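Architecture and fold: a report
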Amino acid sequence: MPAFTAQDCAHMARALRLAERGRLTAHPNPVVGCVLVKDGVVVGEGFHRKAGEAHAEVNALTVASEAARGATAYVTLEPCAHHGKTPPCAEALIGAGVSRVVAAMQDPHQEVAGRGLQILKDAGIEVQVGLMESAAAAMNRGYLQRVIHVRPFLRLKIAASIDGAIAMENGESQWITGQEARADVQRLRARSGAVMTGIGTVLEDDPSLTVRAASIDTDGLQPLRVVLDSKLRMPPTARMLTLPGRTLICCTDNTSKAGLPSDNVDIQTFAASDDGVDIAEVLRELAARGVNELLVEAGPRLAGHLLNTNLVDELVIYQAPHIMGSRTRSLADTPAWTSLADRKSLTITDVRRVGADTRITASVD
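The present account deals with the structure reproduced in this document.

About the criteria used
Residues numbered from 1 in each chain as written. Predicted model: local features only at pLDDT ≥ 70, side-chain atom pairs only at ≥ 80, totals over all residues. Heavy atoms only, no water. Pairing = 2+ DSSP bridges. Helix = DSSP H or I, 4+ residues; strand = E, 2+ residues; numbered from the N terminus. Axes fitted to C-alpha atoms, helices over the stretch in contact; angles between N-to-C directions. Contact = heavy atoms within 4.5 Å. Expected span 1.5 Å × (residues − 1). Buried < 20%, exposed > 50% of the residue type's maximum accessible area, 1.4 Å probe, protein only. Core = buried A, V, L, I, M, F, W, Y, C linked by side-chain atoms within 4.5 Å. Parallel < 35°, antiparallel > 145°, perpendicular 65-115°, else oblique. Left-handed = near helix turned anticlockwise from the far one by under 90°.

The next point concerns the sheet that holds strand S5 (residues 126-129). In space, the five strands of this open sheet follow the order S2-S1-S3-S4-S5, with mixed pairing throughout. Taken across any chain shown, the strands that pair with only one partner, and hence form the sheet edges, are strand S2 (41-47) and S5. Taken pair by pair, the neighbouring strands of this sheet meet at an average axis angle of 15°, ignoring direction. Where strand S4 (residues 100-103) meets S5, four bridges bridge the pair, whose relative direction is parallel. Looking across to S5, one finds that alanine 103 is bridged to valine 129. The strands touched by helix H1 (residues 6-19) within the sheet are strand S1 (33-38), S2, strand S3 (72-75) and S4, with S1 carrying the most contacts at an inclination of about 145°.

Between the first and last C-alpha of helix H7 (residues 179-190) there are 17 Å, a value that for 12 residues agrees with the 16 Å anticipated at 1.5 Å per step. For H7, the full list of buried residues reads Ala181, Asp184, Val185, Gln186, Leu188, Arg189 and Ala190. Taken together, the buried residues of H7 touch strand S6 (153-161), strand S8 (194-198), strand S14 (293-297), strand S15 (314-320), strand S17 (346-354) and strand S18 (357-364).

Moving on, we come to the pairing of S18. By the criterion of burial, S18 is predominantly enclosed, with six of the eight residues buried. Bridging between S17 and S18 involves eight bridges; their strand directions are antiparallel. Bridge assignment links isoleucine 348 to a residue of S18, and that residue is alanine 362. Between S17 and S18, which pair antiparallel and follow one another directly, the connecting turn spans two residues, one of which, glycine 355, has a positive phi of 65°.

We now examine the nonpolar core. Counting residues in each nonpolar core, the largest one holds 40 residues, and the members touching the most others are Leu36 and Val101. Residue contributions to this core peak at five residues, all from H1. Apart from residues lying up to four places away in sequence, valine 101 is in contact with Ala73, Val75, Pro79, Leu93, Leu120, Ile125, Glu126, Val127 and Gln128.

Here we come to the packing of helix H3 (residues 89-96) against helix H4 (residues 115-122). Packed helices, taken two at a time, are described by the angle their axes make and the gap between the axes. For the pair H3 and H4, interaxial distance at closest approach is 9 Å and the crossing angle is 20°. Judged on the interaxial angle alone, H4 and H3 are roughly parallel. Remark: the crossing between H3 and H4 carries right-handed chirality. Here Ala90, Leu93 and Ile94 of H3 lie close against H4, whose contacting residues are Gly116, Ile119 and Leu120.

Attention now moves to the environment of threonine 252. Inspection of the secondary structure puts threonine 252 in the loop between strand S10 (247-251) and strand S11 (265-269). Judged by its relative accessible area of 34%, threonine 252 falls in the partly exposed class. Once the C-alpha coordinates of threonine 252 and serine 230 are considered, the two residues, 22 residues apart in sequence, prove to be 4.9 Å apart. Once you skip the residues sitting within four places of it in the chain, threonine 252 turns out to touch Ser230, Thr269, Phe270, Ala271, Ala272, Gly276 and Val277.

Set out below in structure tokens:
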């Protein structure tokens, strides 16, 4: 690991904060920030705002102009080396005359994967890698999982009472949590490339699965709505089918698709598994569609299946301060779990108040 100064750390920390500004708009691209420093003075800053637009390095170089010559570039991810929707950032840095590049981490994408760093080295630029790497990796864990493991980062959201109930026995569930928690869920949706639910939830609750909060700027982007619907029971009158954005209906037989709209709906067949759609295959399809983070908002059957098949990467539980009693539905249906040895271990990574409720974030061990 190269030796880094306190100034290096401060500038990379600033680059990481800049990268977060693209959280709701950059996907399917990674979030990236860049800071240009010359003689101890910041001469340019930038972040990647949206796919197809200029990358963080180019935005920072535009601000710096001629002051970029001889500067150090602090960037949260290896500069790209290929021609995509935009030219290679590695070549832009070379053309601007920077003398040193400090990258938090290498980009594992097959079209980059060290090539950007090598291009910079070949041009005589000093290159250092690894400063705040863990923070940079955590920031782009969805992108990294899609690129490396060919599946999105799966986040399961649950709203429950303090005794673990998500609805009364008759299905009544509006509203378990308060307005602040529901607004917080809007932010989870906004950062996700897709939101998934099961057909049971659609038939019972008719959800929209859209980002509706006016205070959240997604530049018009809506997550892909994904419905697991093996027998294609989706009603043509479902609310989500009338809203902006696209809906992907995942079934095992698409012969009964009459009446469903075609302009904003994709109906795709997948292999069957456990009397439903093969979710692992669906995840691979979502990765192919560029989905980095998948938010699941569903009932106990789908939640239990995802937990039982080890497909959940993170749980976000909004716990309301009330007890709903015994005539309720639990947060996950796991009939195969019959002893303590079957329990799922979690590592709690964050606990905070959201209005009157408590938001618990945990990774699944």
